[in-house]
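# What the coordinates show
Here is how the chains run, residue by residue.
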Amino acid sequence: MDFVNCEGWLTELDDMWPGKALSIQVEKEICHLRSPFQDIRLFETTDCGKMLVLDGMIQFTEYDEFAYQEMMTHVPMFSHPAPEKVLVIGGGDGGILRELAKHDTVKEIDICEIDEEVINVCREHVPSLACGFDDPRVNIHIADGSEFIKSHNSYYDVIIVDSSDPIGPGEALFHKAFYAGMKQALNDGGIIASQGESFFLHPEVFCNLLGVVRSLFPICGYSFMLVPTYPGGNIGVCLGSLKHKVNSPARRPSAEQQSKFNYYTPELHQASAVLPAFGQRLIDKVMAADPNSFN
Ligand code: SPM
């Protein structure tokens with residue numbers, strides 16, 4: 001546990017957030033392995049349940065993962081009037097699948113994860129998220145998402161990119177070529193949603209991603225959410241849509257469906273598109289810029 005100090009605090013240090021760091025107290029390491037793609041560690045924490053760390057970066061804690069999984073899933077899903085075929089790229093912990101399984105309109109859920117070991121670790125040790133793999137509509141593909149989409153032209157209603165940060169195996173998932181590929185893989189009226197980073201913590205990554213989406217999709221948006229165990233305590237969903245608006249839902253959840261959510265509500269869907277003044281100014285700047293200046 002080289003980056004956990006002697007009192008058991010894991011500190012998430014990275015150049016993406018220079019001069020700041022988040023620390024979580026760890027009780028024990030459950031497993032540690034090196035896959036062909038990355039360093040994988042699963043911890044039991046003192047107060048946040050299990051915590052997955054890939055290449056030193058926190059991917060989830062059981063304490064607040066619901067906020068991220070619900071917003072990444074339900075914002076695009078409720079923006080679409082009738083999503084049937086859905087693709088998840090990344091998301092090997094199964095949390096997004098768990099949320100998709102709450103949608104009755106869905107007939108087929110494909111997940112394309114590059115690192116099978118992430119799935120194995122979460123299926124063995126984190127059933128609270130990996131229960132998503134148990135839904136009979138789920139098909140698992142172990143492959144590079146940027147290649148997988150090339151063989152699925154005009155197929156999906158919703159594509160969700162549950163990536164890590166743009167360093168390591170997730171890097172390709174932040175480039176324009178990948179977004180152009182996802183656009184090709186969408187059915188009429190399709191929507192993409194991707195891990196959109198934080199406008200507070202790394203405005204340059206946020207602006208480039210939004211600029212890439214804006215240069216390819218007639219409708220784009222960003223939904224903001226609170227996740228205390230990500231650095232800065234916030235992150236967002238970057239959205240691109242061929243037809244449907246994304247800053248408010250096209251449908252409301254049934255009462256039964258809503259009772260299964262702990263974060264998403266239709267009201268929050270709308271509110272999450274409203275950013276603080278400086279965040280909105282960043283968006284305005286992206287919208288006014290030359291669309292070809294993003295890649
Ligand atoms: N299903 C959970 C997978 C997590 N994917 C997002 C991870 C982001 C981690 N870093 C956030 C730091 C802020 N940029």
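So, here's what we can say about the structure.

Cut-offs applied
Residues numbered from 1 in each chain as written. Predicted model: local features only at pLDDT ≥ 70, side-chain atom pairs only at ≥ 80, totals over all residues. Heavy atoms only, no water. Salt bridge = Lys/Arg side-chain N within 4 Å of Asp/Glu carboxyl O. Helix = DSSP H or I, 4+ residues; strand = E, 2+ residues; numbered from the N terminus. Buried < 20%, exposed > 50% of the residue type's maximum accessible area, 1.4 Å probe, protein only. Polar contact = N/O pair within 3.5 Å; in protein donor to acceptor, adjacent residues only side chain to side chain. Contact = heavy atoms within 4.5 Å. Pairing = 2+ DSSP bridges. Axes fitted to C-alpha atoms, helices over the stretch in contact; angles between N-to-C directions. Core = buried A, V, L, I, M, F, W, Y, C linked by side-chain atoms within 4.5 Å. Domains from an automatic or database assignment. Parallel < 35°, antiparallel > 145°, perpendicular 65-115°, else oblique. Left-handed = near helix turned anticlockwise from the far one by under 90°. Nonpolar A, V, L, I, M, F, W, Y, C, P; charged D, E, K, R; others polar. 1 Å grid on protein atoms, 1.4 Å probe; cavity = no way out; pocket = protein on both sides within 12 Å on 5 of 7 lines; lining within 4 Å. Points joined across faces, edges and corners; volume = space filled by probe spheres on them.

A few words on the pattern of salt bridges. Where charged atoms from two side chains of opposite charge approach closely, those side chains can pair. Within this structure, the stated rule accounts for eleven salt bridges. With its nearest N and O atoms 3.6 Å apart, the salt bridge here joins E29 to R41. A residue pair is termed long-range when its members are at least 10 positions apart, and E29 in strand β2 (residues 22–34) and R41 in strand β3 (residues 39–45) qualify at twelve residues. A salt bridge links K260 to E256; the shortest N-O distance between them is 3.5 Å. With relative accessibility at 38%, the residue K260 sits in the partly exposed group. By relative accessible area, E256 is classed as exposed at 53%. Put simply, E65, R98, E99 and K102 are held in one network by salt bridges that share partners.

Mapping H269 onto the fold places it in helix α9 (residues 266–271). Take H269: its relative accessible area is 0%, and that puts it in the buried class. Only 2.9 Å separates the side chain of H269 from the backbone oxygen of V246, close enough to count as a polar contact. Beyond its immediate sequence surroundings of up to four residues, H269 is in contact with H74, V75, F78, S79, S223, V246, N247, S248, P249 and Y264.

Quick look at the sheet that holds strand β5 (residues 57–61) now. Judged by pairing direction, the sheet is antiparallel, and its five strands sit side by side in the order β1-β2-β3-β4-β5 without closing on themselves. Of all the strands in the sheet, just β1 (9–12) and β5 have a single pairing partner and so form its edges. Adjacent strand axes in the sheet meet at a mean angle of 45° when their direction is disregarded. Note: β1 against β2, four bridges, orientation antiparallel. Of the residues in β2, the one forming a bridge with T11 is S23.

On to the environment of L129, then. Locating L129 in the fold gives a position in helix α4 (residues 127–130). Residue classification places L129 among the buried residues on the basis of a relative accessible area of 0%. Separated by 121 residues in sequence, L129 and G8 have C-alpha atoms that sit 25 Å apart. Those residues in contact with L129 that lie beyond four places of it in its chain are F60, E62, E65, Q69, D93, G94, G95 and R98.

Turning our eyes to something else, we now look at the nonpolar core. In terms of nonpolar packing, the biggest core is built from 44 residues, with L52, L100 and M225 touching the most fellow members. Here this core takes seven residues from helix α1 (residues 65–79), the largest share from any one element. Of the residues that make up this core, three or more belong to each of domain 1 (2–61) and domain 2 (65–293). Look past the residues within four positions of L100 in its chain and what remains in contact with it is T73, M77, V86, V88, V106, I109, R137 and I160.

Interaxial distance between helix α6 (residues 176–185) and helix α7 (residues 203–216) falls to 10 Å at its minimum, and their mutual angle equals 40°. It follows from the interaxial angle that α6 and α7 lie oblique. In this structure, α6 meets α7 at a crossing whose hand is right-handed. Counting all contacts with α6, which are made through K176, Y179, A180 and K183, the residues of α7 involved are L209, V212, V213, S215 and L216. Of the residues belonging to the contact of α6 with α7, the class tally is six nonpolar, one polar and two charged.

This part covers empty space enclosed by the protein. Within the structure shown, the criterion is met by one cavity of 30 Å³ or more. Lining the largest cavity are Q59, F60, D64, E65, Y68, Q69, V227 and Y230. Among the secondary structure elements, those contributing two or more residues to the lining of the largest cavity are β5 and α1. Taken together, the residues of the lining of the largest cavity sort by class into four nonpolar, two polar and two charged.

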